[in-house]
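Chain residues, written in single-letter form:
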Amino acid sequence: MLWDWVSSYAAHESWRDLPGYVGAVLVIASFLTRTMIRLRALSAASNVCFVIYAFFDGQYPTLFLQGALLPLNVLRMHQMIRLVKRARASAQGDQAMDWLKPYMTHKRCRRGEIIFRKGDKADAMYYISSGSFRLSETGIRLEPGQFVGELGLLAPTGQRTQSLECTADGHLMPIQYDQVRELFFQNPDFGFYFMQLAASRLFKSLEMLEEELAARSTPVDAA
């Protein structure tokens, strides 16, 4: 009896309804995915299915809606794919995450200027475009092509962990933490490379601390 019902339903069901069912399955699948690129791909595929379904079924409001959403999903997916490729490529070079420049503003700095002090509220990280800078507490010198200020985003208190001083006239390109957070949570690959940048700074500070402790212990051993 069940088979007779299925056969009867299939006989009356038009093949033009198939894209609608496929589109519905793709929508459900998009809600189950956890990555942005895959979500956009499934959404774009469901848009195509619903466009076909709505066209043959004469559902023009649905056709208009899905037709408008399709290029948006394709555009966002393309942007995220480019984001991943450029992040991977830049992480292997000397100027890590150089592709963030279009999202940044420009700040001119003079020699002797304090960009921020230890304990200040941290709200941005900086790309050094030109000039020379120094982290006062550790004496680490920063040259063009480097980032600084990323640790403030990870600090539990949201404050600067060191002071930054300009030692030669130059330009900084700040990016607000809100934009960094948005990219961080939208794209796991960007989050990985940001953590890699922050970790390299922490390891460098740890290395300097170990060298300082070793230098202090040497006179004691000699005595």
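The text that follows walks through the structure, step by step, so that each part is easy to find. Computed from a predicted model, the values in this text were never measured in an experiment.

1. A look at helix α2 (residues 18–32)
Each turn of an α-helix holds 3.6 residues, which means side chains three or four residues apart point in the same direction.
Then, in step 1: The end-to-end C-alpha distance of α2, which contains 15 residues, comes to 22 Å, matching closely the 21 Å that a straight helix rising 1.5 Å per residue would cover.
Then, in step 2: Of all the residues in α2, the buried ones are P19, G20, G23, L26 and S30. The arc that holds the buried residues of α2, viewed along the axis, is 120°, so those residues lie on one side. Residues of α2 that are exposed and angled more than 90 degrees away from the buried face: L18, V25, I28, F31 and L32.
Then, in step 3: Residues of α2 that are buried make contact with α3 (36–57).

2. Looking at the packing of aromatic side chains
Then, in step 1: Taken as a whole and assessed by the stated rule, the structure comprises three aromatic pairs.
Then, in step 2: When the centroid spacing of 5.3 Å and the interplanar angle of 80° are considered together, the rings of F55 and F56 count as edge-to-face.
Then, in step 3: Overall, the relative accessible area of 37% leaves F56 in the partly exposed class.
Then, in step 4: Taking 6.0 Å as the distance between ring centres and 25° as the angle between the ring planes, the aromatic pair formed by F116 and Y126 counts as stacked. Here F116, found in strand β2 (residues 114–116), pairs with Y126, found in strand β3 (residues 124–135); they are ten residues apart in sequence, far enough to count as distant.
Then, in step 5: Under the relative-accessibility criterion, F116 is labelled buried at 7%.
Then, in step 6: Between R160 and the ring centre of F116, over which it is positioned, the NZ or CZ distance is 4.1 Å.

3. Concerning α3
Then, in step 1: Here α3 spans 31 Å end to end across 22 residues, near enough to the 32 Å set by a 1.5 Å rise per residue.
Then, in step 2: For α3, the complete set of buried residues consists of L42, S43, A44, S46, N47, C49, F50, Y53 and A54.

4. A closer look at the side chain of N47
Then, in step 1: Structurally, N47 is set in helix α3.
Then, in step 2: Taking the relative accessible area as the measure of exposure, N47 reaches 3% and is therefore buried.
Then, in step 3: With near-sequence residues (within four places) excluded, N47 lies in contact with Q66, L69, L70 and N73.

5. As for the pairing of β3
Then, in step 1: Burial analysis of β3 places nine of its twelve residues in the buried class, which makes it a mostly covered element.
Then, in step 2: Here ten bridges tie β3 to strand β6 (residues 164–176), and the two strands are oriented antiparallel to one another. From the neighbouring strand, Y126 faces β6, where its bridge partner is P174.
Then, in step 3: The pairing of β3 with strand β5 (residues 147–148) spans two bridges and is antiparallel. Across the sheet, the residue bridging to Y126 is V148, located in β5.
Then, in step 4: As judged from the three bridges shared by β3 and strand β4 (residues 140–142), these two strands associate in the antiparallel manner. What sits directly across from F133, in β4, is L142.
Then, in step 5: Between β3 and β4, which pair antiparallel one after the other, the connecting turn spans four residues, and G139 there sits at a positive phi close to 80°.

6. Some remarks on the pattern of salt bridges
Close approach of charged atoms allows side chains with opposite charge to pair.
Then, in step 1: For the coordinates displayed, the defined rule picks out four salt bridges.
Then, in step 2: We note a salt bridge from R110 to D169, for which the minimum N-O separation is 3.5 Å. Remark: D169 occurs in strand β6 and R110 occurs in the loop between β1 (107–109) and β2; sequence separation between them is 59 residues.
Then, in step 3: With a shortest N-O distance of 3.0 Å, E165 and R134 are connected by a salt bridge. Of the two residues, E165 sits in strand β6 while R134 sits in strand β3, which places them 31 residues apart along the sequence.

7. Structural notes on the nonpolar core
It is characteristic of soluble globular proteins that their nonpolar side chains tend to be buried jointly.
Then, in step 1: Counting 16 residues, the largest nonpolar core has L100, M104, M125, F147, I175 and V180 as its most contacted members.
Then, in step 2: Within the residue set of this core, elements represented by two or more residues are α4 (60–91), β3, β6, α6 (177–186) and α7 (188–222).
Then, in step 3: A per-element tally of this core places α6 first, with three residues.
Then, in step 4: Setting aside chain neighbours within four positions, we find I175 in contact with L100, Y103, M104, A124, M125 and V180.
Then, in step 5: Formed by 13 residues, the second largest nonpolar core is a distinct cluster that contains F133, I140, L164 and C166.

Conventions we followed
- Residues numbered from 1 in each chain as written.
- Predicted model: local features only at pLDDT ≥ 70, side-chain atom pairs only at ≥ 80, totals over all residues.
- Heavy atoms only, no water.
- Helix = DSSP H or I, 4+ residues; strand = E, 2+ residues; numbered from the N terminus.
- Expected span 1.5 Å × (residues − 1).
- Buried < 20%, exposed > 50% of the residue type's maximum accessible area, 1.4 Å probe, protein only.
- Arc of directions from axis to C-beta.
- Contact = heavy atoms within 4.5 Å.
- Phe/Tyr/Trp six-rings, centres within 6.5 Å; stacked < 30°, edge-to-face > 60°.
- Lys NZ or Arg CZ within 6 Å of the ring centre and 35° of its normal.
- Pairing = 2+ DSSP bridges.
- Salt bridge = Lys/Arg side-chain N within 4 Å of Asp/Glu carboxyl O.
- Core = buried A, V, L, I, M, F, W, Y, C linked by side-chain atoms within 4.5 Å.

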